[in-house]
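Residue-level structural notes
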There are 2 protein chains.
Amino acid sequence: MSTVENPADKTGAPAPVGPAAPATLHDVAREAGVSLATASRSLNGSTRRVADAYRDRVLAAAAKLDYSPNLSAQAVARGSTMTVGLVVSDIADPYFSSIAAGAMRVAEESGLVVTMAVTGRSPERELEIVRTLRGQRPRIILLAGSRSQGSAVRDALIGELQSFEASGGRVVMISQRDLPFATLSLDNDDGAFELATTMAGFGYRRFAVIAGTANVRTSLDRVDGFRRGLLAAGVDSETVVVETEFTRDGGYDAGRRLLERGLDDIELVFAVTDVMALGAMAAFRESGVEPGRDIAVAGFDDIPTVRDVTPALTTVRAPLVDIGERAVRLALGDDFDRASVDAVPTTVVVRASTPRR
Amino acid sequence: MSTVENPADKTGAPAPVGPAAPATLHDVAREAGVSLATASRSLNGSTRRVADAYRDRVLAAAAKLDYSPNLSAQAVARGSTMTVGLVVSDIADPYFSSIAAGAMRVAEESGLVVTMAVTGRSPERELEIVRTLRGQRPRIILLAGSRSQGSAVRDALIGELQSFEASGGRVVMISQRDLPFATLSLDNDDGAFELATTMAGFGYRRFAVIAGTANVRTSLDRVDGFRRGLLAAGVDSETVVVETEFTRDGGYDAGRRLLERGLDDIELVFAVTDVMALGAMAAFRESGVEPGRDIAVAGFDDIPTVRDVTPALTTVRAPLVDIGERAVRLALGDDFDRASVDAVPTTVVVRASTPRR
DNA sequence: CTGTTAGCGCATTCAA
DNA sequence: TTGAATGCGCTAACAG
């Protein structure tokens, strides 16, 4: 790494003595020769009940002084903010970044500023985040990502969130239904069910499942749904379940473990997320086991890249961006119901990784 | 979508009359029977110069009242915040989500809250975002993503950012070196250069380049570097250049256009980003042209998924997460230099999509 | 160590 | 319509 002076920096002025305080509304008012109130009304007041002559002078002064309204001060004075807090498990995971993209889109449409935080799937960290988020006094807190079962901090989280709601905030959970808040819940169970029956219909009879660790609700639901689907389709063979991390590398690891165990009695591997499926496929291929030919693989979520891998991955589509958008709209709605549970439907998408047998 | 009452909501209390204002520090002080100052010192003051007896009473009162410090009020009173503003082109793009992941990691480590915004690659939107970000009085503003050349709002953006710096803020640009601010700049040129010479060394002689639209700096640099590399390697055949959007679908579209044109005189296609390369590969394969066999493909960035596609994609690695981390560290550094340009080295990663000829 | 007081930047009520 | 005054929730002198 080399460090050089930036040639684009052409300011020939002598080094400034230090940070000058930004212009305040007071400065603008003085510059324009009007009162604080008039300046405030011209700049930020919604209904403009200011004479044009004054208004223009204020605007000119603001431009000249390069005025930027202090949002914190506005928040204190108004007693409300234009903020939405978004907490996700891992922003580099396409699942969450897609949801975030949707959420941010409609948030910004509504003039809201999004502050984001990452839990890394740690319940403690999540609690901590919600705590500081609360301090922001956001209008909305969005929690995306599976919460763990029986976590010690669960009650504290609920308490924190309830306090937030008690003071007029709105919370929306994405992807869970086990906390007493408005929820946008993926049909994990149904989606996996339908995937299982579809695959059984394709002639598959012997399955393995790559699941998340046992305390992750989303994983549990998907595994259960898949199992129910197999049952409903009359599949009676035992299904192998491998637990692993909720990541690509977790999937890879699970794939390796399946290989070690032997794949002879397995026709199809269902990974509870696409990212994990991708990892597993990589592991298989590395050992000369070709996905889609030697072994069928299916995932869940339909993240953008799975249509671009080879073979393209069969999966259950979750309308991720849409979910993000809806979560914010839901929270913004006049008819917001803090006890509502909205189920987001999923659809099975069959691709080359699961050919008919 | 169905809406039902959430069974987990077991609060049997009568409907609350309306949002109760959150407890203030004043409330806590009164509850604890101490002064405002003492409450403040016990709760938020860094150096605890408060008698334990008092402290405990304050803490208890805070817990009882479920007190949450109002960050906006703190910001106003202190005259500073713990915020960093991060602006990216598209958070669903792995390139940016990886950078964001890195940035958020060290930001949170430093106790900073990240507020994020998405430009959608619109310079106007970017300006607007920086304006409102300025209002937050963040400590840092991070701009990731290529700015367009000759944009009409360029000067306004510079002005806004300079005002921000003038009042003590720090701005770091990621991936550009054409704006007069501290810059963390990928070696786009060198990386593409090295890729070109490596590919020439593999025996490739006839190339096509899938580029972004002509005003995107990153694209220009990568195309130029690639061309220079070919020249240096003694390749004298003309290189076909196709311009398209900076997205997967843009790459797909460019791939289709190349197919229509005919691929007979092309041995290797270099897409200026991995995402675009993935799109192009999909287009090729759809037409029966097998990447890695019928045509070689290379990308740039080394986003996580490209090692999981088939054939795995040859690319130029940009340490994205690392870049995000370093950007924040750079901004936080005691020796911050607003004119510095730090070049982030890249490395060529050869994979199956570009076999030796 | 504690309490009183004066702001921080801004919105808004109330008179004028 | 405009301006003066009050208050938002909190921190930081300052004096006790």
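Residues numbered from 1 in each chain as written. Chains lettered and ligands numbered in written order. Predicted model: local features only at pLDDT ≥ 70, side-chain atom pairs only at ≥ 80, totals over all residues. Heavy atoms only, no water.

What about the protein's contact with DNA strand C?
Leu25 and Tyr67 of chain A together with Arg41, Ala51 and Tyr54 of chain B are the nearest of the 26 residues found near DNA strand C. Considering the 4 Å shell around the protein, atoms of DNA strand C inside it are sugar or phosphate in 63% of instances. Here a phosphate oxygen of DNA strand C and a backbone polar atom of Leu25 of chain A are 2.3 Å apart. Between DNA strand C and Asn44 of chain A there is a distance of 3.0 Å, counted from a phosphate oxygen to a side-chain nitrogen or oxygen. The set of elements that each furnish at least two residues to the surface near DNA strand C consists of α2 (36–43) and α4 (71–78) of chain A together with α2 (36–43) and α4 (71–78) of chain B. Looking at the surface near DNA strand C element by element, the count peaks at five residues for α4 of chain A. Counted by class, the surface near DNA strand C contains 14 nonpolar, seven polar and five charged residues. (Near = heavy atom within 4 Å. Polar contact = N/O pair within 3.5 Å; in protein donor to acceptor, adjacent residues only side chain to side chain. Helix = DSSP H or I, 4+ residues; strand = E, 2+ residues; numbered from the N terminus. Nonpolar A, V, L, I, M, F, W, Y, C, P; charged D, E, K, R; others polar.)

Some details on the relation of the copies chain A and chain B
For the pair chain A and chain B, the best superposition has an RMSD of 0.1 Å and corresponds to a rotation of 180 degrees with a translation of 0.0 Å parallel to the axis. The superposition operator between the copies reduces to a two-fold rotation axis. Minimal C-alpha separation from the rotation axis in chain A is found for Thr115 of chain A, amounting to 1.9 Å. (Least-squares fit on C-alpha atoms with pLDDT ≥ 70 in both.)

Comments concerning the pairing of strand β12 (residues 340–344) of chain A
Residues and elements named next belong to chain A. Counting buried residues in β12 gives five out of five residues, a clear majority hidden from the surface. Here four bridges tie strand β6 (residues 182–186) to β12, and the two strands are oriented parallel to one another. Bridge pairing in β12 places Leu186 opposite Val344. (Buried < 20%, exposed > 50% of the residue type's maximum accessible area, 1.4 Å probe, protein only. Pairing = 2+ DSSP bridges.)

Here's the deal with the interface of chain A and chain B
Taken together, the 74 residues of chain A in the interface contact 73 residues of chain B. For the interface between chain A and chain B, the tally reads eight salt bridges. A salt bridge links Asp249 of chain A to Arg307 of chain B; the shortest N-O distance between them is 3.6 Å. Seen at the junction of chain A and chain B, the total is 22 residue pairs in polar contact (both at pLDDT 80 or more). With six residues, the single largest contributor to the side of chain A that touches chain B is strand β3 (residues 113–118) of chain A. Among the residues making up the side of chain A that touches chain B, the classes are represented as 33 nonpolar, 23 polar and 18 charged. Two strands pair when backbone bridges link them, and β3 of chain A and strand β3 (residues 113–118) of chain B are joined in this way by three bridges, in the antiparallel orientation. Along β3 of chain B, the bridge assignment pairs Val114 of chain A with Met116 of chain B. (Contact = heavy atoms within 4.5 Å. Salt bridge = Lys/Arg side-chain N within 4 Å of Asp/Glu carboxyl O.)

As for the protein's contact with DNA strand D
Thr38, Arg41 and Tyr54 of chain A together with Leu25 and Tyr67 of chain B are the nearest of the 26 residues found near DNA strand D. Of everything in DNA strand D that lies within 4 Å of the protein, sugar and phosphate atoms constitute 70%. Within the side chain of Thr38 of chain A, one N or O atom sits 2.6 Å away from a phosphate oxygen of DNA strand D. At 2.5 Å from a phosphate oxygen of DNA strand D is found a side-chain nitrogen or oxygen belonging to Tyr67 of chain B. Of all elements in the fold, only α2 and α4 of chain A together with α2 and α4 of chain B reach the threshold of two or more residues within the surface near DNA strand D. If one sorts the elements of the surface near DNA strand D by residue count, α4 of chain B sits on top with five residues. A class-by-class count of the residues in the surface near DNA strand D yields 15 nonpolar, seven polar and four charged.

As for the environment of Tyr67 of chain B
Checked against the element boundaries, Tyr67 of chain B lands in the loop between α3 (52–65) and α4. A C-alpha to C-alpha distance of 66 Å links Tyr67 of chain B and Phe202 of chain B, two positions 135 residues apart in sequence. Here Tyr67 of chain B is in contact with Arg134 of chain A together with Ala23, Thr24, Leu25, Val28, Leu43, Asn44 and Ala62 of chain B, once residues within four sequence places are set aside.

With respect to the side chain of Glu160 of chain B
All names here are of chain B. With respect to the helices and strands, Glu160 occurs in helix α7 (residues 154–166). Overall, the relative accessible area of 8% leaves Glu160 in the buried class. Beyond its immediate sequence surroundings of up to four residues, Glu160 is in contact with Val130, Arg131 and Arg134.

A look at the domain arrangement of chain A
Each assigned domain of chain A is listed here: domain 1 (1–69), domain 2 (82–186 + 322–344) and domain 3 (188–317). For domain 1 of chain A versus domain 3 of chain A, the distance between C-alpha centres works out to 58 Å. (Domains from an automatic or database assignment.)

Some thoughts on the environment of Leu195 of chain B
Residue and element names in this part refer to chain B. Secondary-structure assignment places Leu195 in helix α8 (residues 188–201). Leu195 gets classed as buried once you look at its relative accessible area, which sits at 0%. Expressed as a C-alpha distance, the spacing of Leu195 and Gly225, which sit 30 residues apart in the sequence, is 8.9 Å.

Looking at the packing of aromatic side chains
Residue and element names in this part refer to chain A. Scanning the model with the defined rule gives six aromatic pairs over all chains in all. With centroids separated by 5.6 Å and ring planes inclined at 80 degrees, the aromatic side chains of Phe207 and Phe226 adopt a geometry described as edge-to-face. Taken together, the residues Phe207 in strand β7 (residues 207–212) and Phe226 in helix α9 (residues 217–232) connect sequence positions 19 residues apart. Note on Phe207: relative accessible area 1%, which makes it buried. Classification of Phe226 by relative accessible area gives buried; the value is 0%. The rings of Phe207, Phe226 and Phe270 are connected pair by pair, giving a single aromatic cluster. Over the ring of Phe300 we find Arg222; its NZ or CZ atom is 3.7 Å from the centre of that ring. (Phe/Tyr/Trp six-rings, centres within 6.5 Å; stacked < 30°, edge-to-face > 60°. Lys NZ or Arg CZ within 6 Å of the ring centre and 35° of its normal.)

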